[in-house]
Structure formats: C-alpha cells, structure tokens
Amino acid sequence: MINNRPQTWLTFPSAMGGPPERVDYAWRLSRPAVFQACLARHHGKLPRPHCDCHDQGRPLQLSIKGRTDEVEGQRRTVYHLACQKQEGPLHRPGCPFHGTSEIGQSDAARMPAIRSHEDGTVSMTVDIPFGLAKSVADAEGPREQERERGRFGSGGLQRNRLTLLGLLWAIWDRAHLSGWSPAQTKARFPRVLRQRLLTAMAGLETNGVALAQVADVVLWKADCRATALQDLAVRNSGRSRVLLIGRLSALPMPAPTPHAPDRWRMSLDGTSDVGLSVFIERGRLGNWAGRYPLAARVLGGTDRPSVGANVFVILTATMRVYAPPAGPTRVIADVQDYALMETSLQMVPVASALELRVADDLVAAGRRFSKPLRYDPDAEPVLPDFVLQDTGAAGRRTPMEVFGRTDEAYQARQAEKTAWYDLRYGRAGWWSWEPAIQPEPPPFPPAALHGQDPDARR
C-alpha cells in the first residue's frame, strides 16, 4: 500500500556553525532509536530546531521536551517535540504541529488534567463522570457555580480537571476551529465541521474512556445516520454515559409526562433526521438565562435580526433505543451534565455580543485571527479576547481586548491588563475597544504583506 501522506522534515541547526541535521518526523515511529538520539543531542541547545513552516519569513521553531520515567527500576528519558506557545495556528494545516499549542505536549508537565503521549493521543481528566451513577451524590444535578464560573477566564479548568466546557474547547482547538482565515470557509460547512470534530475526538481519552467509543456529533445536513446513533446507544447501554455535541436550534421547552412532570426538551439541529430526542430534568437545566445570557438572547430570537450567532452544546447523557409497536424507532437521551458555547456564524467562540461584533468585523475584513481558550491559568498573566495572526514585525501577533464592562472590579482588572500589554507589546502593539467611551470599534491594525495565507492549503 502506498503512503501518500506528505513528509515532515525537521531541521536541527548546528550550535558550532556546521551543516544542519535533517530528520524525518516519521522516524519517531519507524526509527525511534535514531530519532531519540537526535533529540537527545540537541536538547537544551540553541538555536532550536524547526520544521519547514514559516511565518512572515522566519522558520517556526520547536521545543525539545524530555520526560523521565522509571521503568523496571531504571530511569529512562523520552524526548518529544512541541510547537512554541501560541504558535500552533501559524503552522501549515498539514504540519503535525499545526494548532497544537494549547493542548500539546509542551503543556503536559504543567497540566495534570491533560497528558500527551508520544503516539499523538491525549488523555484528559474531566470534572464530570462518564460512568453510570453509583451514588446519590453522583446522580445530583450539575454544580453550576463550580463548573461554569468565569467561562472564558479560568472556567475551562477547575481543581486540575477540565470542566465540560473546557473539554469542548479542547475538541474545538484540535479541530482547528478556534480561529479564522478567509481560506477556511469550507471547514465550517456542516458535513466538514462534523468530520473535523469527530477526527479531533479520535485521539482523545477522557477519564480513561476513548471518546471515539462514546461520542458523536449531531448536525443537520452533516451525514448523521440513525443506525450509527442507535449502535452508540446500544453499545453503551448499562455501561457508560454518551457524549454528544450539537447546535441548539431553540430554547429548552417543557415536555412533561405523567412519570416525568419536570422534564424539558433540548432541541438540537438534525435530531429529527436521526430519530433522537434529548430530554433534561428541570433541576439539571438550572438557571439557563443566568448562566448563558447571550445564548438565551440568540435562541430566544432577540438578537437574530441584528447579529447572527450559533449556540453549541456539549452534554453527557444516558441513551436508550425506543422501538414502539407502531412508529419509527427513536433514541432517547436523558441529559446528566451540559455546557454551552456561543460562537459566531463562522464557529469562532465568543463570550459576549461585543466579542461577536469584533469577530464578525474581522471576518468581513478578511483578517486572519484566533480566539485563545484558556486551559492553564498560570500560562500567562492575561488572556486576549482575540489575537490577530496577520500583523506585526518579526513574527509578533497583535492581541485584541474588548473592555465591555464599567464596574469597579472590572476597571481594576482592565488597568492590570493595560499595564501588562503596554509592557509586553508597547502602547502601539495591541488593540482595544471600550464601547462605553467609543460606540464603534476603532480601526484594526493593518495586515502585513507576507505572501500566501498558510490556511489556503486547507
């Protein structure tokens, strides 16, 4: 069988000025001893190795990380490569280091909730159970304040465990959906979007469970199949909860029965095509409008005339197949935990209507940008709302902040952010908008002219 996958060549510059060493990245599997010996020789030395990807004319450098384990009484160090922090989106789509900076191996040592392995799989610890409830405490509804506090701040990680929302962010990043460039339009089509999410989950293990065995993505016009969903329900019946990702099409509505008077229905796009009914108890639904005000406005129709947006849901549920004597077979999903993520129409995550406005304006201007999603609270003192990827000199990107609140506590945090950005990037090196002072967003920094959009190869 012929392998048509393109090679990824790595360059290891010589510290003494001699000729560089070129290594095929595939050797980590086909020639592991040679590959490990090369990494060991260059570990801790400058200049750093790099792949063949470039940004604004400079090669994108890689870090060599080492992990020391004790195997049968002997200590052994295994080396691996990782992209530089926040440079994953700059690598070309076909590069193995593309889009991996937020959950890649470089973060593994500082992120107990996320552990990367040499074979490319990633193990995650999530703050929700996948096993079936074994106690009253496990059967209780979601701990709203604990799990969703500070959703786009540190809400992705609690107590060294990802929240359910944090897991959705991780999947979104692995699917290369937390950013945008003009060349990515097709990636947002329902069928392509679903395949990207499924591919992203294929290498994830969550709480010891391979997501590929317990998860699915339900979208309208995305080649979802009723038989596959039924097989998923049967395969996990009595064993574990199922993880579903979908797009909400309406606000939850009461759907009571004599046996479940507090039952509500969650309406996902495409559920009618696959015979899926999703229900949640009122206690588990919680304070819907308080937790997700933007989602409530969008799904309620308030914002639809002026701004377009999507509301994605990630949920765990017990599933069963219901085959009535008359009528089509259906799959019933009883939701245990859930989290929502609002996005622009291009699927870029946003935390407010103001961020949505900026994301839409950037897309309309044909800009290339990303939405940082926090997994490690200690990674940086501040987290930008967006990062322009097509500006700056010497490879520097432009952070973007929307200061949308005016309360005293927020003003103090705004002052801290401003001082940090001024020190790190200079007063002219970052962009901000204060709607309370300036109703319309200021002009965006101009894009640098540096050749072809790397996402055009996608």
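Residues numbered from 1 in each chain as written. Predicted model: local features only at pLDDT ≥ 70, side-chain atom pairs only at ≥ 80, totals over all residues. Heavy atoms only, no water.

Caption draft 1: Up close: the overall build of the chain. Secondary structure summary: the chain contains 14 helices and 23 strands in total. Taken across its 458 residues, the chain has 49% of its residues classed as buried. A separation threshold of at least 6 residues defines the contact pool for the chain, and within that pool the share at least 24 residues apart is 59%. (Helix = DSSP H or I, 4+ residues; strand = E, 2+ residues; numbered from the N terminus. Buried < 20%, exposed > 50% of the residue type's maximum accessible area, 1.4 Å probe, protein only. Contact = heavy atoms within 4.5 Å.)

Caption draft 2: Region of interest: the environment of G131. For G131, the location among the structural elements is in the loop between strand 7 (122-124) and helix 3 (136-139). Each C-alpha atom, one on G131 and one on R241, is 6.0 Å from the other, the two residues being 110 residues apart in sequence.

Caption draft 3: Molecular detail of unusual backbone geometry. Of note, the amide linkage connecting L46 to P47 takes the cis form, showing an omega dihedral of -5°. Considering the arrangement of structural elements, one finds P47 in the loop between helix 2 (32-42) and strand 3 (50-55). In the Ramachandran plot, D223 falls in the positive-phi region, its phi being about 65° despite a non-glycine side chain. Along the chain, D223 falls in the loop between strand 13 (215-218) and helix 8 (226-236). Taking the relative accessible area as the measure of exposure, D223 reaches 41% and is therefore partly exposed.

Caption draft 4: Here's a closer look at the sheet that holds strand 10 (residues 179-180). Sheet architecture is open: five strands sit in the order 10-20-21-22-23, paired in mixed fashion. Since the sheet does not close on itself, it has two edges, and those belong to strand 10 and strand 23 (431-433), each with one partner. For strand 22 (residues 398-402) and strand 23, the ladder comprises three bridges, and the chain directions are parallel. Looking at the pairing, V402 lines up with W433 of strand 23. (Pairing = 2+ DSSP bridges.)

Caption draft 5: Region of interest: the packing of aromatic side chains. The tally for this structure, following the rule as stated, stands at 14 aromatic pairs. Consider the rings of W288 and Y338, whose centres lie 6.3 Å apart with planes at 20°: the pair is stacked. Highlighted residues: W288 in helix 11 (residues 288-291) and Y338 in strand 19 (residues 330-343), separated in sequence by 50 residues. Considered together, W288 and Y338 belong to a single accessibility category, that of buried residues. One aromatic cluster is present, built from ring pairs that chain together F403, W420, Y421, Y425 and W430. Positioned above the aromatic ring of F279 is the side chain of R263, whose terminal nitrogen or guanidinium carbon lies 3.6 Å from the ring centre. A cation sits over an aromatic face here: R282 above W264, 5.0 Å from the ring centre. (Phe/Tyr/Trp six-rings, centres within 6.5 Å; stacked < 30°, edge-to-face > 60°. Lys NZ or Arg CZ within 6 Å of the ring centre and 35° of its normal.)

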